[in-house]
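# Residue-level structural notes
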Amino acid sequence: MINIFNQKELLVTMKMERQSQVRDILAQNNIDYIVRTRNLEATPVIGSRRAQTGSFGINQDYTYEYKIYVHKKDFERASYLIRSFTSVTALSH
C-alpha cells in the first residue's frame, strides 16, 4: 500500500497520453501507483480563470498536471522501465 510516508514521485507531466502510457507500463509490471491530477485553471479562492475570462487562447493541452507516485521500494525499477520504454519508442519513430 502506498501512503504519504512511503511514496516517491516518479513522473510529472501535462500530457494525458504520457501519463496513460506510464500507468500502462506500471500496471503491466505489477507496480502499484497513485495518480494525482490538478486542474491548473482552477484556483480555490476565487474560482476558475475560465469562468472569469473564458477559454479563448488557452491551450487545453496544458490545463491539467498529472503526478504519478510509486512506493519507494519500486522507484528504481519503475524509473528503469519508463526510461526503457521512452528510448525504445523514440528510436522507432
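This section reports on the structure supplied with the text. Worth saying up front: this structure is predicted, and the values here are computed from it rather than measured.

### A look at the nonpolar core
Here is a general trend for soluble globular proteins: nonpolar side chains tend to be buried in one another's company. Core analysis: the biggest nonpolar cluster contains 12 residues, these being Leu10, Leu11, Val22, Ile25, Leu26, Ile31, Ile68, Val70, Phe75, Ala78, Leu81 and Ile82. The set of elements that each furnish at least two residues to this core consists of β1 (7-13), α1 (16-28), β5 (64-71) and α3 (75-92). It is α3 that contributes the most residues to this core, 4 residues altogether. Look past the residues within four positions of isoleucine 31 in its chain and what remains in contact with it is Leu26, Val70, Asp74, Arg77, Ala78 and Leu81.

### Comments concerning the side chain of glutamine 7
By secondary structure assignment, the location of glutamine 7 is in strand β1. Look past the residues within four positions of glutamine 7 in its chain and what remains in contact with it is Ile2, Ile34, Arg36, Tyr69, Val70 and Lys72.

### Describing the sheet that holds strand β2 (residues 33-39)
Whenever strands of a sheet pair, they do so through backbone hydrogen bonds, lying parallel or antiparallel. With antiparallel pairing, 3 strands are arranged side by side in an open sheet as β1-β5-β2. Looking at which strands have only one partner, the edges of the open sheet turn out to be β1 and β2. On average, each strand axis in the sheet is inclined to that of its neighbour by 25 degrees, with strand direction left out of account. Note that β2 and β5 share 7 bridges and pair antiparallel. Note on β5: the bridge partner recorded for arginine 38 is glutamate 65. The strands touched by α1 are β1, β2 and β5; relative to β5, the strand with the most contacts, the crossing angle is about 15 degrees.

### Regarding unusual backbone geometry
With phi around 55 degrees, asparagine 30 is a residue other than glycine that occupies positive phi space. With respect to the element layout, asparagine 30 can be found in the loop between α1 and β2. Taking relative accessible area as the criterion, asparagine 30 reaches 70% and is therefore assigned exposed.

Conventions used here
- Residues numbered from 1 in each chain as written.
- Predicted model: local features only at pLDDT ≥ 70, side-chain atom pairs only at ≥ 80, totals over all residues.
- Heavy atoms only, no water.
- Core = buried A, V, L, I, M, F, W, Y, C linked by side-chain atoms within 4.5 Å.
- Buried < 20%, exposed > 50% of the residue type's maximum accessible area, 1.4 Å probe, protein only.
- Helix = DSSP H or I, 4+ residues; strand = E, 2+ residues; numbered from the N terminus.
- Contact = heavy atoms within 4.5 Å.
- Pairing = 2+ DSSP bridges.
- Axes fitted to C-alpha atoms, helices over the stretch in contact; angles between N-to-C directions.

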